[in-house]
Amino acid sequence: MKTLHLFQYGKGNIGAALFRQIAAQKKTLEKRYGFRFEYVGLCGRDRAVLAPSGFDGAIHTDSPERILAEHPDRRPYTDAMDILTRVLQLDLPDLCIVDTTAADFADVHLTCLRHGATVVTANKKPLAAPYPVYEEMQRLGREACQRYWYETTAGAGLPVIGTIRELIATGDVVSEITGCLSGTLGYICSQLDTGRAFSAIVEEARTLGYTEPDPRDDLNGMDVARKALILAREIGYRVELADIKTTGMVSDTLLAASSVEAFMECLEEEDAVYARRVEDCRGRAETLRYVATIHDGDVRVGLENTPKDSPTGSLSGPDNLIAITTPRYAARPVVIRGPGAGAEVTAGGLFGDLIKAAMMR
């Protein structure tokens, strides 16, 4: 039976959810597809476990947190490249590196791909690296067979990148992509419609696990900007993150807070601003939505007043909506809508990429 050996960076909400999902489906995968996933290593913030023969059944009963705390082969972890070197030296067949972090891991991805390993990632930052780095990762990922999988970087569990690739592969041309690409900001905007305070909504979104580890990575617009950049590059735009016109949801002064905790404490300063904007929208039958637009070489993201009866205006909770316009779908764009945030949804998308990667090995 074919085995895909997994080494995973990250044991947070998404990483832990993926761990559980794989454990729950182990027997089904073996029976239906004739392959299995075997975890051979795991990294947290300060500890790592490297177990070339697997976790000895621990995957069926334990959480990543518990394995990192109790596994006899646990060790301190301080450097991503150092632990990766150890993993690659094992020379395991069908090795897959899973990245569920939000770290600047372009060097990790490049090194894995150069060594012939598969990379499955929900981490947007490597794909938002300078274009020459992105281009090299794409080239390496296409060699031999598809070895670079990142569907979840743009739409969590939604099939956005796969749909775009199929359109292009069949001769269509994407002329415009527009929509709401952040489940976190979608949740915040839809909750503003209820009259709740902006700061309370952000705190709730953080508690629910919708935000990035640092909520400023959502509220400054950079999370959406990276997603828009990934999609723009996917359709052939040679653009950099600095080229995107990005307007955040909070002031630059707040974004410069010394820590996440300090930022959250000062967030009430924005409550009155948003109360006024929401009231202004009510008078026009509009609502606030954070929208990305990719068109004719131009990429922009920011908060917009949107008619309530429009597709984006009708979004609720953490749902995403992406509209893709092509010559084939000019009158009625292809619309993809569904949950755009949440650990289980994103982990499910990663799991799907893992299955597709295993089937191509």
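All of these numbers come straight from a predicted model, not from anything done at the bench.

A few words on helix 16 (residues 271-282). Between the first and last C-alpha of helix 16 there are 17 Å, a value that for twelve residues agrees with the 16 Å anticipated at 1.5 Å per step. If you check which residues of helix 16 are buried, you get D271, Y274, V278 and C281. Seen from one end, helix 16 has its buried residues packed into an arc of 90°, which puts them on one side. In this fold, the buried residues of helix 16 make contact with helix 10 (183-192), helix 11 (198-207), strand 10 (286-295) and strand 11 (298-307).

Whether parallel or antiparallel, the strands of a sheet pair through hydrogen bonds between backbone atoms. An order of 4-3-2-1-5-6-7 is seen for the seven strands of this open sheet, with the pairing classed as mixed. Because the sheet does not close on itself, it has two edges, and the strands there are strand 4 (74-76) and strand 7 (148-149). Note: strand 3 (residues 47-50) against strand 4, three bridges, orientation antiparallel. Bridge assignment links V49 to a residue of strand 4, and that residue is R74. Running over the sheet, helix 5 (residues 80-89) touches strand 1 (2-9), strand 2 (35-43), strand 3, strand 4 and strand 5 (95-99) and is turned about 165° from strand 1.

Notably, A285 is not glycine yet its phi reads approximately 60°, a positive angle. With respect to the helices and strands, the residue A285 is situated in the loop between helix 16 and strand 10. For A285, a relative accessible area of 49% gives the class partly exposed. Even without glycine at this site, D296 takes up a positive phi of about 50°. Mapped onto the elements of the fold, D296 is located in the loop between strand 10 and strand 11.

Here the focus is the sheet that holds strand 10. Taking strand neighbours across the sheet as the criterion, the six strands line up as 9-11-10-8-12-13 in an open arrangement whose pairing is mixed. Edge strands, defined here as strands with exactly one partner in the open sheet, are strand 9 (245-246) and strand 13 (334-339). For strand 12 (residues 319-325) and strand 13, the ladder comprises six bridges, and the chain directions are antiparallel. Paired with I324 across the bridge in strand 13 is V334. Its contacts with the sheet put helix 9 (residues 160-169) on strand 8 (176-180), strand 12 and strand 13, and the angle it makes with strand 12 is roughly 10°.

Moving on: the pairing of strand 10. Consecutive side chains of a regular strand alternate in pointing toward one face of the sheet and then the other. Extensive coverage of strand 10 is indicated by the burial of nine of its ten residues. Of the strand pairs in this sheet, strand 8 and strand 10 are connected by four bridges, and their pairing is antiparallel. From the neighbouring strand, G179 faces strand 10, where its bridge partner is A292. Relative to strand 11, strand 10 is paired through ten bridges, and the arrangement is antiparallel. Bridge pairing links L288 to N305 in strand 11. Hairpin connection, strand 10 to strand 11: the antiparallel pair is bridged by two residues, and D296 has positive phi, about 50°.

On to the packing of helix 9 against helix 13 (residues 222-234), then. Angle between the axes and distance between the axes: these two values describe a pair of packed helices. The N-to-C vectors of helix 9 and helix 13 enclose an angle of 15°; their axes lie 10 Å apart at closest approach. By the angle between their directions, the pair helix 9 and helix 13 is classed as roughly parallel. The way helix 9 lies across helix 13 gives a crossing that is right-handed. Seen from helix 9, the contacting residues are V160, I161, I164, R165 and I168; seen from helix 13, they are I230, L231 and E234. For the contact of helix 9 with helix 13, the class distribution of residues is six nonpolar, no polar and two charged.

Here helix 6 (residues 106-114) crosses helix 7 (residues 131-142) at 30°, and the two axes come no closer than 9 Å. Relative to helix 7, the element helix 6 is oriented roughly parallel. Between helix 6 and helix 7 the crossing geometry is left-handed. Where helix 6 approaches helix 7, its residues A106, H109, L110, L113 and R114 are matched on the opposing element by V133, E136, M137, L140 and G141. Its residues placed into classes, the contact of helix 6 with helix 7 shows six nonpolar, two polar and two charged.

A word on the packing of aromatic side chains. Applying the stated criterion to the full structure yields eleven aromatic pairs. For the pair F19 and Y39, a centre-to-centre distance of 4.7 Å together with 45° between the ring planes defines the contact as tilted. Placement of F19 in helix 1 (residues 13-24) and of Y39 in strand 2 is noted, with a sequence separation of 20 residues between them. Judged on exposure class, the residue F19 and its partner Y39 are both buried. Chaining the aromatic ring pairs together yields one cluster made of Y33, F35, F37 and F351.

Rules and cut-offs
Residues numbered from 1 in each chain as written. Predicted model: local features only at pLDDT ≥ 70, side-chain atom pairs only at ≥ 80, totals over all residues. Heavy atoms only, no water. Helix = DSSP H or I, 4+ residues; strand = E, 2+ residues; numbered from the N terminus. Expected span 1.5 Å × (residues − 1). Buried < 20%, exposed > 50% of the residue type's maximum accessible area, 1.4 Å probe, protein only. Arc of directions from axis to C-beta. Contact = heavy atoms within 4.5 Å. Pairing = 2+ DSSP bridges. Axes fitted to C-alpha atoms, helices over the stretch in contact; angles between N-to-C directions. Parallel < 35°, antiparallel > 145°, perpendicular 65-115°, else oblique. Left-handed = near helix turned anticlockwise from the far one by under 90°. Nonpolar A, V, L, I, M, F, W, Y, C, P; charged D, E, K, R; others polar. Phe/Tyr/Trp six-rings, centres within 6.5 Å; stacked < 30°, edge-to-face > 60°.

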